[in-house]
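# Observations on chain architecture
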Amino acid sequence: CFLPVLSGFLLLASGTLFADELLITIGGGKQYKTAQVNSTAGIDYSFFRFVRSERQHILIGASITRIISDAPENKTVTAFSIYPQVNLYLKKRSWGTPFIFSRALGPSYISNNKLGEREQQHHFSFQAQVGAGVYLDLNGKKDGIVMLSFKHFSNAKIFKTNKGDRKSTRLNSSHTDI
């Protein structure tokens, strides 16, 4: 119920915040070292871009991720994150520009300390994410973005209990008209 409200706000604010990218994300996979399977959905909004070079951009953004587990207890977590992201671009092709990206140490608030068999000691966590994608360029302009990534929430062993939550796969997509 919170995702539609946030997405509406981000769409309305995008003109005033110099929005760069709005991504809708879905994913899931088996939880590392458990029998549970998690699914996710979320919104990533990159609102700042620093162009270091033609091949390297640094983005700052915010995300909301909803995680649902098939475990019998502690079935949901919502994570609110701020992230730094580095994009490294490969050679532009006729169909678009492929890239790899990394997010690290994105401070996050997680709504529940437990997800199935996994547990964090506090609500504070970090988001880490790595992946690859393509800025589609089918009509001579940015037509959209498609990415595949791995996302992880962990407290980086700052607190005693640190059984982080891992996603095996996320599909991110966006349509842009920039």
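Below is a summary of the structure that appears in this document. Within every chain, residues take consecutive numbers counted from 1 along the sequence as written. With pLDDT at 70 or above as the cut-off, local features in this predicted model cover only qualifying residues; side-chain atom pairs require 80 or more to be listed or tallied, and sums for whole chains, interfaces and linings still use all residues. Only heavy atoms go into the side-chain values, all of them from the structure, while hydrogens and water stay out.

## Overview of the environment of A104
Operational definition: Put simply, DSSP H or I for four residues or longer makes a helix, DSSP E for two residues or longer makes a strand, and each gets a number counted from the N terminus. Here's how the labels work: a residue is buried when its accessible area is under 20% of the maximum for its type, exposed when over 50%, partly exposed in between, all with a 1.4 Å probe on protein chains only. A contact between two residues is defined here by any heavy atoms of the two lying within 4.5 Å.
Along the chain, the position of A104 falls in strand β5 (residues 96-110). Of the residues examined, A104 reaches a relative accessible area of 42% and is grouped as partly exposed. Taking the C-alpha atoms as reference, A104 lies 9.1 Å from V86; in sequence the two are 18 residues apart. Those residues in contact with A104 that sit more than four places away from it in its chain are P84 and Q127.

## Observations concerning the environment of N113
Put simply, the rule is: Think of a polar contact as two N or O atoms within 3.5 Å of one another; within protein, one of them needs to be a possible hydrogen donor and the other a possible acceptor, and neighboring residues in sequence only count if both atoms come from side chains.
Relative to the helices and strands, N113 is located in the loop between β5 and β6 (114-115). What makes N113 buried here is its relative accessible area of 19%. When the C-alpha atoms of N113 and T76 are compared, they prove to be 9.9 Å apart, with 37 residues separating the residues in sequence. Once residues lying within four places of it in the same chain are set aside, the contact partners of N113 are R118, E119, Q120, Q121, H122 and H123. At 3.0 Å, the side chain of N113 forms a polar contact with the backbone oxygen of Q121.

## A closer look at the pattern of salt bridges
Spelled out, the test is: The working definition used for a salt bridge is a side-chain nitrogen of Lys or Arg within 4 Å of a carboxyl oxygen of Asp or Glu.
According to the stated counting rule, one finds 3 salt bridges in the structure shown. Close ionic contact of R49 with E21 constitutes a salt bridge, the shortest N to O distance being 2.6 Å. Taken together, the positions of R49 in strand β2 (residues 37-53) and E21 in strand β1 (residues 21-30) put the pair 28 residues apart, joining distant regions of the chain. Residue E21 is classed as buried on the basis of its relative accessible area of 5%. Across the pair K92 and D137 runs a salt bridge, and its minimum N-O distance is 2.9 Å. Pair noted here: K92 is in the loop between β4 (76-89) and β5 and D137 is in the loop between β8 (124-136) and β9 (144-154), with a separation of 45 residues, a long-range link.

## What about unusual backbone geometry?
Positive phi, normally seen in glycine, also occurs at N74, with a value near 50°. Mapped onto the fold, N74 is located in the loop between β3 (56-69) and β4. For N74, a relative accessible area of 28% gives the class partly exposed. Despite not being glycine, L105 shows a phi value in the positive range, around 55°. You can see L105 is positioned in strand β5. The class for L105 is exposed, based on a relative accessible area of 59%.

## A few points about the packing of aromatic side chains
Definition in use: Two rings from Phe, Tyr or Trp (for Trp, the six-membered ring) form a pair when their centres are within 6.5 Å of each other. A pair whose planes differ by under 30 degrees is stacked, one over 60 is edge-to-face, and the rest are tilted. When the NZ atom of lysine or the CZ atom of arginine is within 6 Å of a ring's centre and also within 35 degrees of its normal, the charge is said to sit over that ring.
A complete count under the given rule lists 7 aromatic pairs for this structure. When the ring of Y89 is compared with that of Y135, the centres are 5.8 Å apart and the planes differ by 40°; the resulting orientation is tilted. Residue Y89 is located in strand β4, and its partner Y135 is located in strand β8; the two are separated by 46 residues in the primary sequence. Note on Y135: relative accessible area 6%, which makes it buried. Between F99 and F101 the ring centres are 6.3 Å apart and the planes differ by 45°, which places this aromatic pair in the tilted class. Taken together, the aromatic side chains of Y89, F99, F101 and Y135 make up a single cluster linked through ring pairs. Seen from the ring of Y83, R103 lies directly overhead, with NZ or CZ sitting 3.6 Å from the centre.

## A few points about a nonpolar patch on the surface
Put simply, the test is: The patches described consist of residues with a relative accessible area above 30% and no salt bridge, like charges being joined within 9 Å and nonpolar side chains (Val, Leu, Ile, Met, Phe, Trp, Tyr) within 5 Å. What sets the accessible areas is the Shrake-Rupley method with a 1.4 Å probe; for residues, cover comes only from the shown protein chains.
A cluster of nonpolar side chains, F47, F48 and F50, forms an exposed patch at the surface whose accessible area comes to about 280 Å². As for its position among the elements, F47 is in strand β2.

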